[in-house]
Structure formats: structure tokens, C-alpha cells
Amino acid sequence: VYDEANHYWPELFDGLARKRQKLRGHANDPEPPTLIAKMCQVGGEMWLSGLPTEATYKEHFEKKNIDLQICCFGGSPTRKTSGRSKGILLPTAIQLNINMDARNMQKDVRLQLLDNIYFIAVSFLSGNHSLVHCMAGCHRGGIIGTALRAILMDQSFDAARTATNQVRYHVEIKKALAHYG
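In this report, we go over the structure that sits alongside the text. (Residues numbered from 1 in each chain as written. Predicted model: local features only at pLDDT ≥ 70, side-chain atom pairs only at ≥ 80, totals over all residues. Heavy atoms only, no water.)

1. Side note on the pattern of salt bridges
- Scanning the entire structure with this criterion turns up three salt bridges.
- Residues Glu 45 and Lys 38 are paired through a salt bridge, measuring 3.4 Å at the closest nitrogen-oxygen approach.
- Its relative accessible area of 31% is what places Lys 38 among the partly exposed residues.
- We note a salt bridge from Glu 62 to Lys 58, for which the minimum N-O separation is 3.4 Å.
- Take Glu 62: its relative accessible area is 33%, and that puts it in the partly exposed class. (Salt bridge = Lys/Arg side-chain N within 4 Å of Asp/Glu carboxyl O. Buried < 20%, exposed > 50% of the residue type's maximum accessible area, 1.4 Å probe, protein only.)

Below, the structure is given as C-alpha cells:
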């Protein structure tokens, strides 16, 4: 397929992918976990991250005492691989899935959030810590983490997006919203 300037689209996208892979914030080299919301001084924390793996557990997750692991793709994190490491379920956490892999899922994701928001809110407001993640923590996890921040901190989505982008470099929410709706 050619565009109007007679360039191959596949070459363009392959080039963009190669360029993107050199930056942190993709599935093979995600940014470290980022605190995106904290409730008062003694309240809960919400972290945004890429796929937790055995390789990243000790350095990034072991001391955070994560109580709720919110996985933003279908299935268990143990079925996914980041680089050479397999995803893990955090040993102290309850796992919650918000499946953003399904086709035509805009309505489905909203329903999943509505079905689980009470549980997430009680956990967060009780001082528990949660981890929201996808593979890299910049698209699916970024959308869900930002939406949860907006709801739990009583902010507009735009205010929550600005706050998330201030603390986490590679959160491409506009791009992800364009793709996921």
C-alpha cells in the first residue's frame, strides 16, 4: 500500500516502532512504577506500571505492599511475557482484571469499571495500595489508572490526565483513547 508520497505504509510503521523501542515505556523496557494517586497522608496509593515480573518484583514491588493488582488486559499476567520475564501475580495482592483486549469494548470497559468501582474505592479509601498495569503502563493501564484517579480523587478526566502525565513520562492517553475509544 502506498500513501500519496509513494512511501510504503509498512515501512513507515516499522520505522516508528523501531524508534519507539529505543525509548523506555514499551513492553520490553517499561518505566518503573509511578505513584499516580495518594489519598491524604495515611490513605491508599495507586501505582501505574508495566507488567510486574519476577525480575522487577524485588526492586519495584516487594516493599510497596500492593493489596490490589488491576490488570488491564484479558487473562492472567502469568500468561504474558515482558522481555524475557514472565508476568507474575503479586503475592500480597488480590487480582482484578479489566479486559481491554476485547473488540468493540468501549461500553464493556465502562461496565467493568462500574462493576468494580465500589470495591476499588473501598480498598483505596481504606488505605490499601493498588497497582494498575498493562504491558508497558502507557496505554491501557494509563487510561484505566487515569480514569480511576479521576473518580477516586473527584477530578475531571482532563485534570487527572494532566496530573498523571506530570509524574509519568510515557503515558500516551490521547493516543490510547483514539485507539480504544
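Still more ground to cover, so stick around.
2. Observations concerning the packing of helix α4 (residues 140-152) against helix α5 (residues 157-167)
- At a closest axis distance of 8 Å, the pairing of α4 and α5 adopts a crossing angle of 120°. By the angle between their axes, α4 is oblique relative to α5. Like other packed secondary-structure pairs, α4 and α5 cross with a definite hand, here right-handed. On α5, the residues touching Ile 143, Thr 146, Ala 147, Arg 149 and Ala 150 of α4 are Phe 157, Ala 160, Arg 161, Ala 163 and Thr 164.
- Per-class residue counts for the contact of α4 with α5 are six nonpolar, two polar and two charged. (Axes fitted to C-alpha atoms, helices over the stretch in contact; angles between N-to-C directions. Helix = DSSP H or I, 4+ residues; strand = E, 2+ residues; numbered from the N terminus. Parallel < 35°, antiparallel > 145°, perpendicular 65-115°, else oblique. Left-handed = near helix turned anticlockwise from the far one by under 90°. Contact = heavy atoms within 4.5 Å. Nonpolar A, V, L, I, M, F, W, Y, C, P; charged D, E, K, R; others polar.)

3. Here we look at the state of the cysteines
- The tally for this structure, following the rule as stated, stands at zero disulfides.
- Of all cysteine sulfurs, the one in Cys 72 lies closest to Cys 71, which takes part in no disulfide; the gap is 6.7 Å.
- Residue class for Cys 71 comes out buried when judged on its relative accessible area of 0%.
- Considering cysteine sulfurs only, Cys 134 is the nearest to Cys 138, which forms no disulfide, with 6.1 Å between them. (Disulfide = S-S within 2.5 Å.)

4. Comments concerning the packing of aromatic side chains
- Scanning the model with the defined rule gives zero aromatic pairs in all.
- A cation over a ring is seen here: Lys 64 above Trp 47, with NZ or CZ 4.4 Å from the ring centre. (Phe/Tyr/Trp six-rings, centres within 6.5 Å; stacked < 30°, edge-to-face > 60°. Lys NZ or Arg CZ within 6 Å of the ring centre and 35° of its normal.)

5. A short note on the nonpolar core
- Counting residues in each nonpolar core, the largest one holds 31 residues, and the members touching the most others are Met 46, Ile 70, Val 132, Ile 144 and Leu 148.
- If you list the elements that add at least two residues to this core, you get β1 (34-38), β2 (45-49), β3 (66-71), α3 (106-125), α4 and α6 (173-180).
- Considering every element that reaches this core, the biggest residue donor is α3, with six residues.
- Each residue touching Ile 70, except ones within four places of it in the same chain, is listed here: Leu 96, Ile 98, Ile 120, Leu 131, Val 132, His 133 and Leu 148.
- Trp 47, Phe 61, Leu 90 and Leu 131 belong to the second-largest nonpolar core, a separate cluster that totals seven residues. (Core = buried A, V, L, I, M, F, W, Y, C linked by side-chain atoms within 4.5 Å.)

6. A closer look at the side chain of His 60
- Counting through the fold element by element, His 60 comes out in helix α2 (residues 54-61).
- Since its relative accessible area comes to 17%, His 60 is described here as buried.

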